[in-house]
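# Summary of structural features
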Amino acid sequence: MMNPLSNPLPSPKTSRSATRPSTWPSTWLATWLATWLATWLATWLATSSSIVRRHQRVLPSVLPAIMSVVLASLAVTGCEQKRKAAPPAPLPKPAAKAKAPTTAAAYQVDFEEVTEASGVKSVYRNGEETNQYSIAESLGGGVGVLDYDRDGRLDLFFPGGGVIEPQSPLSGQPATLWRGGEGAVYQDVSKAAGIDDTRLYSHGVAIADIDNDGFPDILVTGYGGLQLFHNRGDGTFVERASEAGLNPNTWSSSAAWGDFDNDGLVDLYLTTYVDWSWDKNPKCSGPPPSNQDVCTPQQFDGLDDLLYWNRGDGTFELADASAGLVPAGKGLGVVTLDVNQDSLLDIYVANDTTNNFLYINQGGRKFKETGFVSGTAMDHMGIPNGSMGLAIFDLDSDNKPEIFVTNYERETFAVYRNEGLGIFRCISERTGITALGTLLVGFGTTSGDFNCNGREDLIVANGHVMRHPRNDNLRQDPLYIANVGNGRLQKLSFDPPSYFAKKHTGRGVVAADLNDDGLLDLVFSHTNEPAGILINRSPTEGVGVGLKLIGRRSNRDAIGASVILKTTAGEQLRQVIGGGSYLSQGSYQLHWGVPKGVLPIAFEITWPDGAKQTVEAVEPGKVVTVIEPAKPAQGAT
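Residues numbered from 1 in each chain as written. Predicted model: local features only at pLDDT ≥ 70, side-chain atom pairs only at ≥ 80, totals over all residues. Heavy atoms only, no water.

Before going further, it helps to spend a moment on the overall build of the protein. Assigned secondary structure in the protein consists of 8 helices and 40 strands. Within the protein, the proportion of its 637 residues that are buried is 56%. Of the roughly 26700 Å² that the protein leaves accessible, carbon and sulfur atoms contribute 53%. (Helix = DSSP H or I, 4+ residues; strand = E, 2+ residues; numbered from the N terminus. Buried < 20%, exposed > 50% of the residue type's maximum accessible area, 1.4 Å probe, protein only. Areas by Shrake-Rupley, 256 points an atom, 1.4 Å probe, with all protein chains shown as cover.)

In structure tokens, the structure reads:
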């Protein structure tokens with residue numbers, strides 16, 4: 001969450017000049033050759049583990065220098081060509097570009113906070129009232145969305161946090177489960193459902209149907225272990241983490257489900273944080289009167305993430321070293337998705353002050369960590385960040401998923417553009433996201449087309465981790481970041497009394513259609529502050545389209561499936577992902593926005609095992625449920 005080495009300079013303004021017919025071949029050749037050389041060099045270095053280990057932090061700054069030399073040398077040729085060629089005819093002045101909207105009203109997006117009216121009364125407690133200044137209190141808790149009783153309405157789950165007493169084992173606060181009713185009104189069913197267990201100081205939630213019985217199960221992460229609430233199908237749960245073999249004595253943060261070996265059963269990736277205990281609890285300085293504050297993660301060693309294979313009998317097997325996991329990552333966020341679209345589920349991990357991980361699935365229960373080579377390990381300055389939140393979205397509508405990462409203060413949020421074949425480019429500056437500055441501490445994030453204009457926007461929950469931050473910004477503004485087209489992102493301003501016009505101690509956030517009106521709503525979790533429920537009231541003329549996939553050969557939640565919605569205006573990609581955001585799990589139901597005058601044509605579904613299916617789209621405003629065929633269609637791959 002904190003990286004004192006990072007101090008990005010203000011981003012220079014950039015402009016795109018008109019293309020000149022007399023010089024474009026050399027410019028194209030320079031760009032192509034520089035990209036090829038950088039990719040070749042990175043790949044060669046990746047094969048030499050000793051070189052990478054010694055120069056891992058230096059190489060990202062060396063590669064741009066090499067590219068610059070190549071560009072400069074080839075640019076000379078371009079200049080010579082320009083001198084010899086006849087002066088080009090003057091180009092017409094480009095038409096003035098419409099200014100991107102900067103307000104929610106101009107962008108036609110609006111949310112109403114209905115927390116009190118919804119009946120949800122959930123507060124995550126981090127235990128800071130005992131003034132132990134433990135790093136455990138900094139993580140906070142997330143939120144999960146599920147339909148636990150299969151009544152067609154979405155329910156909400158919140159981890160409770162815990163109590164921190166000096167030199168004593170951390171104890172838990174009860175989680176809460178809220179049963180959804182008509183109009184996004186909720187009933188507390190925590191006790192009746194049997195999930196109000198207080199044995200775990202809890203953080204995160206990951207939800208999936210682990211045994212394909214049609215009822216979602218709940219995994220809770222935290223300090224010292226896990227909780228697995230198995231859904232009995234009668235409105236109640238039973239805690240059976242130990243019986244299932246999920247009993248690591250470690251500090252787990254986020255978790256994500258996904259079928260990594262395509263056997264039709266969801267496996268589990270578990271991020272772990274740092275090696276803190278009362279025996280490893282240094283006193284870190286702070287301002288008066290206490291002269292103390294929470295320690296940063298640099299004071300602790302990282303812990304090893306864990307991978308569990310689903311045996312199919314209700315138990316899990318811990319993966320061994322052959323799986324290819326990298327040790328000591330200080331993990332805080334994780335998302336499972338098909339990065340390179342080869343129907344093998346990959347894993348991206350947000351680490352705190354160390355390189356982020358990108359695990360490319362090799363098949364045969366083996367992964368290859370490619371964060372450095374792929375361009376997703378560090379930011380645009382070649383520096384590892386205090387990364388926490390993760391969102392997946394298609395920024396440029398090229399049907400390849402981009403990765404968005406929230407980071408700590410004195411750093412900027414990161415956008416990694418998917419170039420295909422598992423290679424990414426950090427384009428944070430180009431998108432304009434660096435204009436947000438470096439004062440925010442970003443946590444949960446989610447994507448969605450909230451105003452149904454055909455583009456996915458981003459939501460970010462922010463809040464500081466220190467008790468006494470230098471800038472006196474413990475509570476921070478949540479963000480609505482609009483995708484305004486042409487690869488640009490723009491923060492929107494909201495007028496009071498909007499939730500987005502108030503400061504919060506944000507942690508988790510998920511998007512889901514809570515009231516079945518075709519628009520994505522939002523649920524925020526906070527630290528020592530009531531959770532927030534926001535209903536989408538956007539005055540849009542567009543309409544939402546939903547798709548719910550039910551796996552038969554694949555895992556029932558269809559995690560790893562990709563779907564392209566074909567419309568009269570083009571195509572839009574969505575993936576069913578596991579995890580994401582921060583300590584949270586959103587709905588597995590997919591959503592698209594269809595602008596006014598655009599008609600949906602068909603869903604092109606790629607199931608997790610690679611089989612393809614085309615389903616005719618219904619009229620906008622409807623949700624389609626598609627059950628995976630028991631056998632792939634003839635000729636499907």
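Scored by pLDDT, the protein comes out at a mean of 87, with 84% of its residues at no less than 70. Within the model, pLDDT remains below 50 along residues 38-96, and this stretch shows 45 contacts once partners closer than five positions in the same chain are excluded. (pLDDT = per-residue confidence, 0-100. Contact = heavy atoms within 4.5 Å.)

Take the nonpolar core next. Membership of the largest hydrophobic core comes to 52 residues, with the highest contact counts inside it found for Leu219, Leu246, Trp257, Leu547, Leu549 and Phe603. Per-element accounting of this core gives the leading share, 4 residues, to strand S16 (residues 306-310). Beyond its immediate chain neighbours, meaning those up to four positions away, leucine 549 contacts Arg556, Asp557, Ala558, Ala561, Val563, Val576, Ile605, Trp607 and Val626. Core analysis: the next-biggest nonpolar cluster, separate from the first, contains 26 residues, Ile135, Leu170, Cys284 and Leu583 among them. (Core = buried A, V, L, I, M, F, W, Y, C linked by side-chain atoms within 4.5 Å.)

Here the focus is the environment of isoleucine 383. In this structure, isoleucine 383 sits in the loop between helix H7 (371-374) and strand S22 (390-393). On the basis of relative accessibility, which here comes to 16%, the residue isoleucine 383 falls in the buried class. Put simply, isoleucine 383 and asparagine 355 are 28 residues apart on the chain and 8.2 Å apart in space, counted from C-alpha to C-alpha.

Take serine 253: it is sitting in strand S12 (residues 252-258). A polar side-chain atom of serine 253 sits 2.7 Å from the main-chain carbonyl oxygen of glycine 331. (Polar contact = N/O pair within 3.5 Å; in protein donor to acceptor, adjacent residues only side chain to side chain.)

Within the element layout of this structure, aspartate 338 appears in the loop between strand S18 (331-337) and strand S19 (346-351). Buried charged residue aspartate 338 carries no salt bridge. Nearest counter-charge: lysine 612, at 8.7 Å. Only 2.9 Å separates the side chain of aspartate 338 from the backbone nitrogen of glutamine 341, close enough to count as a polar contact. What aspartate 338 contacts, discounting residues up to four positions off in sequence, is Ser343, Leu344, Leu345, Asp346, Pro401, Gly560 and Gln575. (Lys, Arg positive; Asp, Glu negative; His and termini not counted. Salt bridge = Lys/Arg side-chain N within 4 Å of Asp/Glu carboxyl O.)

Taken as a whole, this structure holds 1 disulfide when the rule is applied. Between the sulfur atoms of cysteine 284 and its disulfide partner cysteine 295 the distance amounts to 2.0 Å. Its S-S torsion of approximately 105° makes the covalent link between cysteine 284 and cysteine 295 right-handed. With a gap of 11 residues between them, cysteine 284 in strand S14 (residues 284-285) and cysteine 295 in the loop between strand S15 (292-293) and S16 connect regions that are remote in the sequence. Comparing cysteine 284 with cysteine 295 shows no difference in burial state: the two are buried. (Disulfide = S-S within 2.5 Å.)

Attention now moves to the environment of glycine 597. Assignment of secondary structure puts glycine 597 in the loop between strand S37 (590-594) and strand S38 (600-606). Along the chain, glycine 597 and threonine 568 lie 29 residues apart, while their C-alpha atoms are 8.8 Å from each other.

Once that is clear, we can look at the sheet that holds strand S8 (residues 201-208). Taken in spatial order, the 4 strands line up as S8-S9-S10-S11 in an open sheet, and their pairing is antiparallel. A single partner strand is all that each edge strand has here, and the edge strands are S8 and strand S11 (237-239). Adjacent strand axes in the sheet meet at a mean angle of 25° when their direction is disregarded. (Pairing = 2+ DSSP bridges. Axes fitted to C-alpha atoms, helices over the stretch in contact; angles between N-to-C directions.)

What follows covers the pairing of strand S6 (residues 176-180). Successive side chains on a regular strand alternate, one facing one side of the sheet and the next facing the other. Of all 5 residues that make up S6, 4 are buried, and the element is covered over most of its length. Of the pairings in the sheet, the one linking strand S3 (residues 155-158) to S6 comprises 3 bridges and is antiparallel in character. Bridge pairing in S6 places leucine 156 opposite tryptophan 178. The pairing of S6 with strand S7 (residues 186-188) spans 3 bridges and is classified as antiparallel. What sits directly across from tryptophan 178, in S7, is aspartate 188. Hairpin connection between S6 and S7: a loop of 5 residues separates the two successive antiparallel strands, and glycine 183 in this loop has a positive phi of roughly 75°.

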